[in-house]
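Descriptive analysis of the structure
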Amino acid sequence: MSSTHTGIEWTDKTWNPITGCDKVSPGCLHCYAEAITQRFPKNFPNGFALTMHPERLEEPLRWRTPSRVFVNSMSDLFHKDVPLDFIQQVFSVIHSTPWHIYQILTKRHERLKDLASKLDFPRNVWLGVSVENQSYAERLDYLRSVPVSVRFVSCEPLLGALKLNLTGIDWVIVGGESGQKHRPMQISWAEDIRDQCQNAGVAFFFKQVGGRTPKAGGRLLNNEIWDEMPAVWQQHLQKWGSNPLTVKKLKLIA
């Protein structure tokens, strides 16, 4: 689970220099990452306890194909117990691999804002926050305060109707919850968010309806697949191409 091609539709690879987390809001209740650690205990000797993996930091330096990389699918980079120094090491790798796009998603919006002035955000970072219901829409205000090239919102699992202020937001992902205890999503909630995105000129990505399994409800919304991405993704591919690069192996400077 350190790095892998992934079934997550909006990314290409996952990179997990950190694993483990704890619950901070309703979207965390049936955490898929925690379930994975329980299903594969041999791969996670510390269970779902927060764990840094410095030996994984250099992995993206070896990936030659320009990719969208989801950072810490098994954790949260801005968890309160992740040292600033370790976050800076992650950013150093991102700076050193401009042919990749790195998607960082957090529920720790307050720490994100606190650290923003201490971090040098690379141009190839897409930064997002999770907003599962209206009570957490304020996370967008914190996101807007951070100087990044792309800001996005993950409304997954979508647990209620949302009215979003999409000023300064480039991309919205919507998805229903999956698993045996999934909380059903009303299609009208997703339709309304799609309409808000269209009115604001924001890319909209519908990941799944949800159900007992991620694929159970399919991906259709009004009989359509919605796979919109921020315009800069196409620009990135035009610059770097989508074929493997001849990349000199780099070493991190401690």
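Numbering of residues starts from 1 in each chain and follows the order in which that chain's sequence is written. The predicted origin of the model limits local features to residues at a pLDDT of at least 70 and limits the giving and counting of side-chain atom pairs to 80 or more, whereas totals for whole chains, interfaces and linings rest on all residues. Each side-chain value is derived from all of the structure's non-hydrogen atoms; neither hydrogens nor water enter the calculation.

At the junction of Glu-156 and Pro-157, the peptide bond is cis and its omega measures out at 0° in the coordinates. With respect to the secondary-structure elements, Pro-157 resides in the loop between strand 8 (150–155) and strand 9 (171–175). The backbone phi angle of Asn-222 is positive, close to 55°, even though this residue is not glycine. Structurally, the position occupied by Asn-222 is in the loop between strand 10 (203–208) and helix 6 (231–240). Secondary structure follows DSSP: runs of H or I at least 4 residues long count as helices, runs of E at least 2 residues long count as strands, and numbering of each begins at the N terminus.

For the rest of this paragraph, the subject is the nonpolar core. In a soluble, globular protein the nonpolar side chains are often hidden away together inside. Grouping buried Ala, Val, Leu, Ile, Met, Phe, Trp, Tyr and Cys residues that are joined through side-chain atoms within 4.5 Å yields what is termed a nonpolar core. Throughout, exposure labels follow a simple rule: accessible area from a 1.4 Å probe, protein chains only, divided by the maximum for the residue type, with under 20% read as buried, over 50% as exposed, and the rest as partly exposed. Membership of the largest hydrophobic core comes to 51 residues, with the highest contact counts inside it found for Trp-15, Leu-127, Val-172, Val-174 and Ile-193. Broken down by element, the residue count for this core peaks at six residues, all from helix 2 (residues 84–96). Within the second largest apolar cluster, 14 residues are counted, among which are Phe-70, Trp-126, Ile-173 and Met-229.

Bringing the packing of aromatic side chains into the picture now. For any pair of aromatic rings, the description rests on two quantities: the centre-to-centre distance and the angle between the ring planes. Pairing of aromatic side chains here covers Phe, Tyr and the six-membered ring of Trp, requires ring centres within 6.5 Å, and sorts the geometry by plane angle: under 30 degrees stacked, over 60 edge-to-face, intermediate tilted. The tally for this structure, following the rule as stated, stands at 11 aromatic pairs. Seen from their ring centres, Trp-10 and Trp-171 are 6.2 Å apart, and the 85° between their planes marks the pair as edge-to-face. Separated by 161 residues along the polypeptide, Trp-10 in the loop between strand 1 (3–5) and strand 2 (13–15) and Trp-171 in strand 9 bring together distant segments of the chain. Here Trp-10 matches Trp-171 in class, with each residue buried. One aromatic cluster is present, formed by Trp-10, Phe-70, Trp-126, Phe-152, Trp-171, Phe-205 and Trp-233 through successive ring pairs.

With that settled, consider the confidence of the model for the protein chain. pLDDT expresses, on a scale from 0 to 100, how confident the predictor is about each individual residue. Scored by pLDDT, the protein chain comes out at a mean of 94, with 94% of its residues at no less than 70. Residues count as neighbours in contact if any of their non-hydrogen atoms are within 4.5 Å of one another. Confidence drops under a pLDDT of 50 for residues 247–254, and excluding neighbours within four residues, the segment shows 11 contacts in the predicted structure.

Okay, the environment of Asn-16 next. With respect to the helices and strands, Asn-16 occurs in the loop between strand 2 and strand 3 (18–19). Under the relative-accessibility criterion, Asn-16 is labelled buried at 1%.

With that settled, consider the pairing of strand 9. Along any regular strand, the residues point their side chains to alternate faces of the sheet. A large share of strand 9 lies buried, amounting to five of its five residues. On strand 9, burial covers both faces: Trp-171, Ile-173 and Gly-175 on one face and Val-172 and Val-174 on the other are all buried. As defined by bridge partners, strand 8 adjoins strand 9 across four bridges and the pair is classed as parallel. Bridging from a neighbouring strand, Cys-155 pairs with Val-174 of strand 9. Examined bridge by bridge, strand 9 and strand 10 share five bridges and lie parallel to one another. Across the sheet, the residue bridging to Val-174 is Phe-206, located in strand 10. Whether a crossover is right-handed comes down to one check: with the strands pointing away from the viewer, does the path from the first strand over the helix to the second run clockwise; if it does, it is right-handed. You can see the chain leave strand 9, run along helix 5 (residues 187–200) and come back into strand 10, and the turn it takes is right-handed. Only strands joined by at least two bridges in the DSSP assignment are considered to pair.

A word on the pattern of salt bridges. A side-chain nitrogen of Lys or Arg and a carboxyl oxygen of Asp or Glu constitute a salt bridge if their distance falls within 4 Å. Within the structure shown, the criterion is met by 14 salt bridges. For the salt bridge of Lys-23 with Glu-34, the shortest nitrogen-to-oxygen distance reads 2.4 Å. On the criterion of sequence distance, the pair formed by Lys-23 in the loop between strand 3 and helix 1 (32–39) and Glu-34 in helix 1 is long-range, its members being 11 residues apart. The exposure class of Lys-23 is partly exposed, given its relative accessible area of 43%. In this structure, Asp-227 engages Arg-219 in a salt bridge whose closest nitrogen and oxygen atoms are separated by 2.5 Å.

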